[in-house]
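Residues per chain are reported as follows:
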Amino acid sequence: MKSAVRAVYPGSFDPITNGHIYIVERAAAIFDEVRVGILVNLQKKYTFDVEERHAMASEALSHLPNVVVDHFTGLLVDYMRQWEAKVIIRGLRAMSDFEYEFQMALTNRQLAPGIETFFIITDAQYSYLSSSLIRDIFKLGGAMDNVVPPCVFRRLRERFPALSRREE
């Protein structure tokens, strides 16, 4: 009997965007189980704490029965071993992402030769998106409800209440 193929899609997801969701949906159609691993880097300052990021990702991905949202600290390959996952999912928005992702894939291969990296190219409508860009827009009073799920949009509005009311 063939064992299930488990994949991990790691990231900060601060916050999760429609671009991230697109990557997870594509991965969920390919792999038996996809674990969205929210990275907790104690050296980094996040807009949303890990519990908030977990809640937003869980709600945004609740329509995918083979997706589990979790969080981790430390090395990704150690987390992968813990869950017996064999594939790292990475999304590519543009060629500029590739160089960094290629370097990380080779590094992870050195650390754990049995773990593969699988690249998924995002849809063109999400190619410019990043969590940091979205946060910056909200901090400056803008709003883009079409690039994040409703649960994230609500939390961004709560976190940055000085939003302009252009869209209302």
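These figures come from a predicted structure and were not determined experimentally.

Okay, the overall build of the protein chain next. Within the protein chain, the secondary structure is distributed over six helices and five strands. Going residue by residue from the N terminus, the α and β elements of the protein chain occur as β-α-β-α-β-α-β-α-β-α-α. Expected size for 168 residues packed as a compact globule is a radius of gyration near 15 Å; at 16 Å, the protein chain falls within 12% of this value. Along the three orthogonal principal directions, the C-alpha set of the protein chain runs to about 55 × 35 × 30 Å. By sequence separation, contacts in the protein chain at least 24 residues apart represent 73% of the contacts at least 6 residues apart. Surface exposure of the protein chain reaches about 9,400 Å², of which carbon and sulfur atoms provide 54%.

Our focus in this paragraph is the sheet that holds strand β3 (residues 67-72). Note on sheets: strands pair through backbone hydrogen bonds, and any given pair is parallel or antiparallel. The parallel open sheet is built from five strands, whose spatial order is β3-β2-β1-β4-β5. In this open sheet, the two strands that pair with only one neighbour each are β3 and β5 (116-121). For this sheet, the mean inter-axis angle between neighbouring strands, taken without regard to orientation, is 30°. As defined by bridge partners, strand β1 (residues 6-11) adjoins strand β4 (residues 87-92) across two bridges and the pair is classed as parallel. Across the sheet, Val8 pairs through a bridge with Ile88, a residue of β4. Each of β4 and β5 is contacted by helix α4 (residues 95-111), which is oriented at about 170° to β4, the strand it contacts most.

Turning our eyes to something else, we now look at unusual backbone geometry. The omega angle of the peptide bond from Asp14 to Pro15 is 5°, so this bond is cis rather than trans. The backbone of Phe13 sits at a positive phi, close to 50°, despite the residue not being glycine. In this structure, Phe13 sits in the loop between β1 and α1 (18-30). Residue Phe13 is classed as buried on the basis of its relative accessible area, which comes to 3%.

This brings us to the confidence of the model for the protein chain. Mean pLDDT for the protein chain: 91, with 95% of residues reaching 70 or above. Mean pLDDT across the secondary structure elements of the protein chain bottoms out at helix α5 (residues 131-139), with 88, and peaks at helix α2 (residues 50-60), with 98. Confidence over residues 164-168 falls short of pLDDT 50; this stretch has nine contacts with residues more than four positions distant or in other chains.

Definitions and limits used
- Residues numbered from 1 in each chain as written.
- Predicted model: local features only at pLDDT ≥ 70, side-chain atom pairs only at ≥ 80, totals over all residues.
- Heavy atoms only, no water.
- Helix = DSSP H or I, 4+ residues; strand = E, 2+ residues; numbered from the N terminus.
- Rg over C-alpha atoms; globule rule 2.2 N^0.38 Å.
- Contact = heavy atoms within 4.5 Å.
- Areas by Shrake-Rupley, 256 points an atom, 1.4 Å probe, with all protein chains shown as cover.
- Pairing = 2+ DSSP bridges.
- Axes fitted to C-alpha atoms, helices over the stretch in contact; angles between N-to-C directions.
- Buried < 20%, exposed > 50% of the residue type's maximum accessible area, 1.4 Å probe, protein only.
- pLDDT = per-residue confidence, 0-100.

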